[in-house]
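Chains, contacts and geometry: an overview
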Amino acid sequence: MKTAICFGVLSAALFVLLAPATTVQATNYTDVDILNFALNLECLEAEFYSWVANSNGIAAVDSTLVGNNSALNATNSGGQPNPGGTTFSSHANGDPNLIAVGLATEIAANEIAHVKFLRTALTSAGATPVPCPALSLSPETFLIAATAAAKAAGVTLDSTSTFNPYNTAGAFFLAAFIFEDVGVTAYHGAIANLQNPAYASAAAGIMAIEAGHAAVIREQLFLLAGASTSLFFNGAAVTFQQAVDAIASLRDKVDGFNSTTSQESNLTTSSSGPLLFPSDVNGVAYTRTPSQVLDIVYLGSHTTPGGFLPSGATGNSDVLQITASSSKTCSSGALSMASMSLVSVAVMAVAAVFAM
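Residues numbered from 1 in each chain as written. Predicted model: local features only at pLDDT ≥ 70, side-chain atom pairs only at ≥ 80, totals over all residues. Heavy atoms only, no water.

1. So, helix α8 (residues 240-254)
This is how it is decided: Helical segments are the DSSP runs of H or I of at least four residues, strand segments are the runs of E of at least two, and each set is numbered from the N terminus. Helices are assigned an expected span. That span is 1.5 Å times one less than the residue count. Exposure categories follow from relative accessible area, calculated using a 1.4 Å probe and restricted to protein chains: below 20% of the type maximum is buried, above 50% is exposed, and the middle band is partly exposed. The contact definition used throughout considers only heavy atoms, calling two residues in contact when any of these lie within 4.5 Å.
Along its 15 residues, α8 runs 21 Å from first to last C-alpha, staying within 8% of the 21 Å computed at 1.5 Å per residue. Burial analysis of α8 places eleven of its 15 residues in the buried class, which makes it a mostly covered element. Buried residues belonging to α8 abut α5 (139-152), α6 (169-191), α7 (197-223), β1 (228-233), β2 (236-239) and α9 (290-297).

Spelled out as structure tokens, the structure:
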């Protein structure tokens, strides 16, 4: 009986927490559209980490993760089983302490949980979660990304270059770096445009976890900064420091930022320590709009699907109307306070059940 009561109260709490707020929409996109856009990114990250950690895609882990009528299935994203079985230790730039495996496993669990949470939240609010988009996470696509990054840095990679994040720990860290900082800036941009405080709170919670992922990946890359990657320029191996700088340059270039308004930072600062927490002068995380995010994951322009999302993102494309200066606020403070009060009552009820 206690379990049944607890489940009922939790379900009620979730419904109250995620029920759409009464607002006046001045745009063609809603909170649901913004969260569905975020779901695309969570599918991308979850699929990548799942291949590294589980040697299969998220549809093989749980078929409901990809959603209804998804173009993504258990085998078609280009991810590859880790050739080392459960470790990278038999490969160059190996992982003798299983750091990469441990990080990939935990991050995969987080990203899969994010996909589940967003799907449950949207469904509980009476909305329809979008299916995961078609994804391209093959070593060939990552090499295309590396080639574009090198070009943004003003160099051309040798034809002998390779980039297989499923083969070496170092390549995995580089691939993770491509995604993680972008996820943090995307959520920061989303929070300013969510009308429902409960939605914004959920997005902030996910952003906090994504920021942790980004920091630990940056730390591992800092430790490898002077080591050689499997990328080559004029016969010389590109270092991890150079590769990180090139990826940062590419992200700034394609999302419309220049050197004076950079969203990106190198691994080191003018002091002797690593830059693990890229932020502005106020110590605040940078922000990206949906258009800027798609510029990066499409490896070019948000108007032309490609790169890691070859068929484009799923959902309402009107979220691309969001600009760097956009922000939306709830039109009814009284209604917002009432909603939050109901949430507080639900939370207290859950606490009472657990205290039985």
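After presenting the structure, the write-up continues.
2. What about the pattern of salt bridges?
Spelled out, the test is: In what follows, salt bridge is the name for a side-chain nitrogen of Lys or Arg lying within 4 Å of a carboxyl oxygen of Asp or Glu.
For the structure shown, the criterion picks out two salt bridges. Of the charged contacts, one joins Arg218 and Asp181 as a salt bridge, the two residues approaching to 2.9 Å between their closest N and O atoms. Of this pair, Arg218 sits in helix α7 while Asp181 sits in helix α6, and the two are 37 residues apart along the sequence. Note that Arg251 and Asp181 form a salt bridge whose closest N and O atoms lie 3.6 Å from each other. In this pair, Arg251 sits in helix α8 while Asp181 sits in helix α6, placing the two residues 70 residues apart along the sequence. According to the relative accessible area criterion, Asp181 is buried, its value standing at 8%. Three or more residues are tied together by salt bridges with common partners; here these are Asp181, Arg218 and Arg251.

3. Structural notes on the packing of aromatic side chains
The condition is simple: Aromatic rings from Phe, Tyr and Trp, with only the six-membered ring used for Trp, were paired whenever their centres fell within 6.5 Å, and each pair was classed as stacked if the ring planes differed by under 30 degrees, edge-to-face if by over 60, and tilted otherwise. Two thresholds decide whether a charge sits over a ring: the Lys NZ or Arg CZ must be within 6 Å of the ring centre and within 35 degrees of the ring normal.
This structure, assessed with the given rule, holds eleven aromatic pairs. Consider the rings of Tyr49 and Phe172, whose centres lie 6.0 Å apart with planes at 80 degrees: the pair is edge-to-face. Here Tyr49, found in helix α2 (residues 31-54), pairs with Phe172, found in helix α6; they are 123 residues apart in sequence, far enough to count as distant. Overall, the relative accessible area of 0% leaves Tyr49 in the buried class. For Phe172, a relative accessible area of 0% puts it in the buried group. The side chain of Arg251 reaches across the aromatic face of Phe177, ending 4.4 Å from its centre.

4. Observations regarding the environment of Ile107
With respect to the helices and strands, the residue Ile107 is situated in helix α4 (residues 99-124). What makes Ile107 buried here is its relative accessible area of 2%. Measuring from C-alpha to C-alpha, the distance between Ile107 and Ser50 comes to 8.8 Å, with 57 residues separating the pair along the chain. When near neighbours in sequence (up to four residues on either side) are disregarded, Ile107 contacts Tyr49, Glu180, His213 and Ile217.

5. So, the pairing of β2
Two faces belong to every sheet, and in a regular strand the side chains alternate between them. Put simply, the rule is: The pairing criterion for strands is at least two bridges between them, as found by DSSP.
Examined bridge by bridge, β1 and β2 share three bridges and lie antiparallel to one another. Bridged to Phe233 within β2 is Ala236. The antiparallel hairpin formed by β1 and β2 contains two residues in its connecting segment, where Asn234 sits at a positive phi of about 55 degrees.

6. Looking at empty space enclosed by the protein
The condition that has to hold: The pocket and cavity definitions rest on a 1 Å grid over protein atoms only: a 1.4 Å probe that fits but cannot leave marks a cavity, an open set with protein on both sides within 12 Å along at least five of seven lines marks a pocket, and residues lining either have an atom within 4 Å of a point. Grid points are joined across faces, edges and corners, and a volume is the space filled by probe spheres set on the points. Only Asp, Glu, Lys and Arg are considered charged in this grouping, and only Ala, Val, Leu, Ile, Met, Phe, Trp, Tyr, Cys and Pro are considered nonpolar; every other residue, Gly among them, is considered polar.
The final tally for this structure, using the stated rule, is four cavities of 30 Å³ or more. The wall of the largest cavity is formed by 13 residues, among which Ile34, Phe37, Ala186, Ala190 and Pro290 lie closest to the centre. Listing elements by their share of the lining of the largest cavity, those giving two or more residues are α2, α6 and α9. Considering only residue class, the lining of the largest cavity consists of eleven nonpolar, one polar and one charged. The volume enclosed by the second largest cavity comes to roughly 60 Å³. Contributing to the lining of the second largest cavity are Ala145, Ile178, Ile247, Leu250, Arg251, Ile296, Leu299 and Phe308. For the lining of the second largest cavity, the leading source of residues is α8, giving three residues. Taken together, the residues that form the lining of the second largest cavity break down as seven nonpolar, no polar and one charged.

7. What to know about α2
Relative to the 34 Å expected for 24 residues at 1.5 Å per residue, α2 spans 33 Å between its end C-alpha atoms, a close match to the ideal helical length. Following α2 by one or two positions, Ser55 adopts a phi angle in the positive range, close to 60 degrees.

8. With respect to the confidence of the model for the protein
Using the following cut-off: Confidence per residue, as judged by the predictor, is encoded in pLDDT with a range of 0 to 100.
Averaged over every residue, the pLDDT of the protein is 80; the share at 70 or more is 73%. The model gives residues 1-25 a pLDDT under 50, and that stretch makes 40 contacts with residues more than four places away or in other chains.

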